[in-house]
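Here are the chains, one letter per residue:
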Amino acid sequence: MRFIVIFILFFVLVSCQIKEKLSAQEVIDKTIDVSGGDKYHNINIKFDFRDKHYRSYRKDGIFKYERYFKDSLGTIKDVLNNDGIQRFINSKLINISDTLANGIASSVNSVHYFALLPYGLNDSSVNKQHIGDIEIRGESFYKIKIWFAKKGGGEDYEDKFIYWINKKTFMIDYLAYSYNEAGEMGMRFRVANNVRFIGGLRFVDYLNFKPEGSETVLSNIDEAYERNNLKLVSKIKLCNIETY
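What this report covers is the structure whose coordinates are included nearby.

Attention now moves to the side chain of Arg202. Along the polypeptide, Arg202 turns up in strand β12 (residues 201-211). Buried charge Arg202 goes without a salt bridge, the closest partner of opposite sign being Asp173 at 4.3 Å. For Arg202, the side chain forms a polar contact with the main-chain oxygen of Ile172, separated by 3.1 Å. Non-local contacts of Arg202, meaning those with residues more than four positions away in its chain, are made with Ser35, Tyr40, Leu117, Met171, Ile172, Asp173, Ala192, Val195, Arg196 and Phe197.

Buried together is how nonpolar side chains tend to be arranged in soluble globular proteins. With 45 residues, the main nonpolar core has Phe47, Tyr163 and Ile165 as its most contacted residues. The element that contributes the greatest number of residues to this core is helix α3 (residues 98-115), accounting for seven residues. Ranked by size, the runner-up nonpolar core spans 15 residues in total, among them Ile136, Ile162, Met187 and Ile221.

Right, let's talk about helix α2 (residues 24-35) for a bit. An α-helical turn contains 3.6 residues, so a residue and the one three or four places further along point in the same direction. In this model, α2 (twelve residues) spans 16 Å end to end at C-alpha, consistent with the 16 Å of a helix rising 1.5 Å per residue. Of the residues making up α2, those classed as buried are Ala24, Val27, Ile28, Thr31, Ile32 and Ser35. All buried residues of α2 fall inside an arc of 130° around its axis, so they share one side. Along its buried surface, α2 packs onto β7 (126-136), β8 (139-148), β9 (160-166), β10 (172-181), β11 (184-198) and β12.

Spatially, the seven strands line up as an open sheet ordered β6-β5-β4-β3-β2-β1-β14, and their pairing is antiparallel. Because the sheet does not close on itself, it has two edges, and the strands there are β6 (92-94) and β14 (238-243). Taking the axes of each pair of neighbouring strands and ignoring which way they run, one obtains an average angle of 20° across the sheet. Alignment of strand β4 (residues 74-81) against strand β5 (residues 84-89), held across six bridges, turns out to be antiparallel. In the strand pairing of β5, Ile76 is matched with Ile89. Those strands touched by α3 are β1 (42-49), β2 (52-59), β3 (62-71), β4, β5 and β14, and its axis lies near 110° from that of β3.

Parameters and conventions
Counting from 1, residues in each chain are numbered in the order their sequence is written. Selection of residues for local features in this predicted model requires a pLDDT of at least 70, selection of side-chain atom pairs for listing and counting requires 80 or more, and totals for whole chains, interfaces and linings are taken over all residues. Working from all heavy atoms in the structure, the side-chain values ignore hydrogens and water. Note on conventions: DSSP H or I runs of at least 4 residues are helices, E runs of at least 2 residues are strands, and numbering of each starts at the N terminus. Residue exposure (1.4 Å probe, protein chains only): buried if accessible area is under 20% of the type maximum, exposed if over 50%, otherwise partly exposed. Positive charges are assigned to Lys and Arg, negative charges to Asp and Glu, while His and the chain termini are left out of the count. By salt bridge we mean one thing: a side-chain nitrogen of Lys or Arg within 4 Å of a carboxyl oxygen of Asp or Glu. Distance and chemistry together define a polar contact, namely a pair of N or O atoms within 3.5 Å, with one atom able to donate a hydrogen and the other to accept it when in protein, and with adjacent residues in sequence counting only for side-chain atoms on both sides. Should any heavy atoms of two residues lie within 4.5 Å, those residues are considered in contact. Buried Ala, Val, Leu, Ile, Met, Phe, Trp, Tyr and Cys residues that are joined via side-chain atoms within 4.5 Å together make up what is termed a nonpolar core. A helix is expected to reach a length of 1.5 Å times the quantity of its residues less one. Arc definition: directions from the helix axis to the C-beta atoms. Strands are treated as partners if at least two bridges between them are detected by DSSP. Fitting a line to C-alpha atoms yields each axis, with helices limited to the stretch in contact; the angle taken between N-to-C directions then spans 0 to 180 degrees.

Below, the structure written as structure tokens:
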């Protein structure tokens, strides 16, 4: 009888531990839910980033991302939507090469991708893997690796990402990524800063770091951060955010 009781207690304990081991998909679903949830599906957002103005519209799978800025040619408006990319100069639609179009689309999409995180982490081209539970500076995190399928993954589909999601809040406190742009390879590690909710959506600024030594790889960049072996290179700030 005593053996049976011990076996039952052991089974319950193991079952609880298994239940607490969340999959990457479960972690990301929860992260999206606490950061805005269904509000991401139908949104209108304005914000400024560096010297450019951005607008984002989403409704039931239909999206339009816009970017506005001025240069020597006049007022530039770039529009990325479900159908592709367009560029307007002084309100006139112009023809652009495929190479330029791809570059514009990648740039516009990248800014909106980071501004709307974690929403994009459930896109159909996204692959996810829970690669560990770790501590950073006394707090516990789910460590989630993200990579993209070639089909639907965009021009930068080969970029790799890691997200550190706080076990208590399910918020993304840290993220890192590797990139290869025009033959230049590198990594960045971002620390969430100035977290705020506007219109029910979570917006974040970041402290942007890079490794100081060549021994750091993406999978252990969090260890380099713990050892203070990363160099601050910039501050990522979204300004004048409005939801409507």
